[in-house]
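These are the residues of each chain, in order.
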Amino acid sequence: MEKYTVVSKLDEVSKKIEKEIDDRLCQFDFIRDDENPETVIVVGGDGTFIYAVHQFMDRLKDVRFYGLHTGTLGFYSDYQDHEVDEFLDVLIHHEGKEEILSVLRGEVNGNCYYALNEIRVENAARTQVMDVYVNDIQLETFRGTGMCVCTQLGSTAYNRSLGGAVLQEGLDLIEMVEIAGIHHSKYRSLDAPLVLKSDSVIRFVSESFEGALLGVDSDVYPLEDCKKIEIKICGARHIRVLRGKKVSYFDRLKTLY
Ligand code: NAP
């Protein structure tokens, strides 16, 4: 018996689809297990997918995720709400292929934080001054609201709103973009999105991060009593995603605007 659970958005359409999924899967070799599932079926949007992965962040080796979008086309899912039968056929008949997604890891004072989309340092209270290092080389002293570091999949999320480049699927890269940097005759920083190889290590160092927050996908944490934040792709954690039909990356992209 394959153990599965469903994480769905709270709207009526998603909840109805969750029921359809339970009704159909119980007719096959599947049993619902919300505590120890092997497959986490996600019904909702990209935001729901991120929420679901965070629920199982400490058990990524044991679970895979399979998404159905109840809005348009998502970046984390290949099926829409009118394709429930096709979506389930792939699971029931073991027809899908697993794709591996990278996870970003942020380390602050010995505590680790993990993200699918991005890790941000944001200070809305005062100008954040910090030295930015890439692979131990000091790139610049940044002044402004903060910095956003994203994965390829996260490049279409907050990164895109900040003017960051959209990274095509299949590119295992990380990207760093400024959040409201201050640039004038006295202070200067790169002021352009920086796309880096996946083994790059980014470090933000400051005498004070007072008032700043560490944003990790949907979550935020205060950055009190911290002088250094290190961000890189996590070698030890990956997200396994079941992919069914092939959806063109550019068709997904078109649904964004
Ligand atoms: P949320 O409501 O879950 O998501 C906000 C919007 O971002 C939703 O429309 C969501 O799509 C979309 N989104 C999430 N990941 C995406 C991706 N990889 N590519 C394209 N669109 C994506 O908000 P939240 O819980 O506060 O934050 C979750 C994520 O949303 C964050 O990691 C951040 O990147 C993004 N976000 C962006 C902005 C912005 O651009 N100004 C503001 C807030 C949050 P669905 O409708 O499919 O769920």
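Structure: above.
Quantities reported herein were computed from a predicted structural model and do not represent experimental measurements. (Residues numbered from 1 in each chain as written. Predicted model: local features only at pLDDT ≥ 70, side-chain atom pairs only at ≥ 80, totals over all residues. Heavy atoms only, no water.)

Colleague: I'm lost on the nonpolar core in this one. Help?
Modeller: For soluble globular proteins, nonpolar side chains are generally found buried alongside one another. In this structure, Leu104, Val121, Phe204, Phe209, Leu214, Leu223 and Ile229 are the most contacted members of the largest nonpolar core, which totals 26 residues. Those residues within four positions of Val121 in sequence are excluded, and the remaining contacts are Met130, Thr145, Gly146, Met147, Ile179, Phe204, Phe209, Leu213, Leu214, Leu223 and Ile229. Judged by nonpolar contacts, the second largest core, of 24 residues, contains Val7, Phe49, Phe56 and Tyr76. (Core = buried A, V, L, I, M, F, W, Y, C linked by side-chain atoms within 4.5 Å. Buried < 20%, exposed > 50% of the residue type's maximum accessible area, 1.4 Å probe, protein only. Contact = heavy atoms within 4.5 Å.)

Colleague: Sorry if this is basic, but what is going on with the side chain of Arg237 here?
Modeller: Mapped onto the elements, Arg237 comes out in strand E16 (residues 228-243). One polar contact links the side chain of Arg237 to the main-chain carbonyl oxygen of Met57, over a distance of 2.7 Å. One polar contact links Arg237 to Asp58, side chain to side chain, over a distance of 3.4 Å. Discounting residues that sit within four places of it in the chain, Arg237 has contacts with Met57, Asp58, Leu60, Val103 and Tyr114. (Helix = DSSP H or I, 4+ residues; strand = E, 2+ residues; numbered from the N terminus. Polar contact = N/O pair within 3.5 Å; in protein donor to acceptor, adjacent residues only side chain to side chain.)

Colleague: I'm lost on the pairing of strand E13 (residues 201-205) in this one. Help?
Modeller: In regular strands, side chains alternate between the two faces of the sheet. Examined bridge by bridge, strand E9 (residues 128-134) and E13 share four bridges and lie antiparallel to one another. Bridged to Tyr133 within E13 is Arg203. By the bridge criterion, five bridges tie E13 to E16 in an arrangement that is antiparallel. Along E16, the bridge assignment pairs Arg203 with Glu230. (Pairing = 2+ DSSP bridges.)

Colleague: So what exactly am I meant to see when it comes to the site of the ligand here?
Modeller: In the neighbourhood of the ligand, 16 residues make up the surrounding shell, with Asp46, Glu118, Thr156, Ser161 and Ser218 lying closest. The contact in question runs from an oxygen atom of the ligand to an N or O atom on the backbone of Gly47, over 2.8 Å. Within the side chain of Asn117, an N or O atom sits 2.9 Å from a nitrogen atom of the ligand. Considered on its own, the ligand offers 810 Å² of accessible surface; in the complex 61% of this is hidden by protein. Each residue belonging to the shell around the ligand can be placed in one class, and the counts come to six nonpolar, seven polar and three charged. (Near = heavy atom within 4 Å. Areas by Shrake-Rupley, 256 points an atom, 1.4 Å probe, with all protein chains shown as cover. Nonpolar A, V, L, I, M, F, W, Y, C, P; charged D, E, K, R; others polar.)

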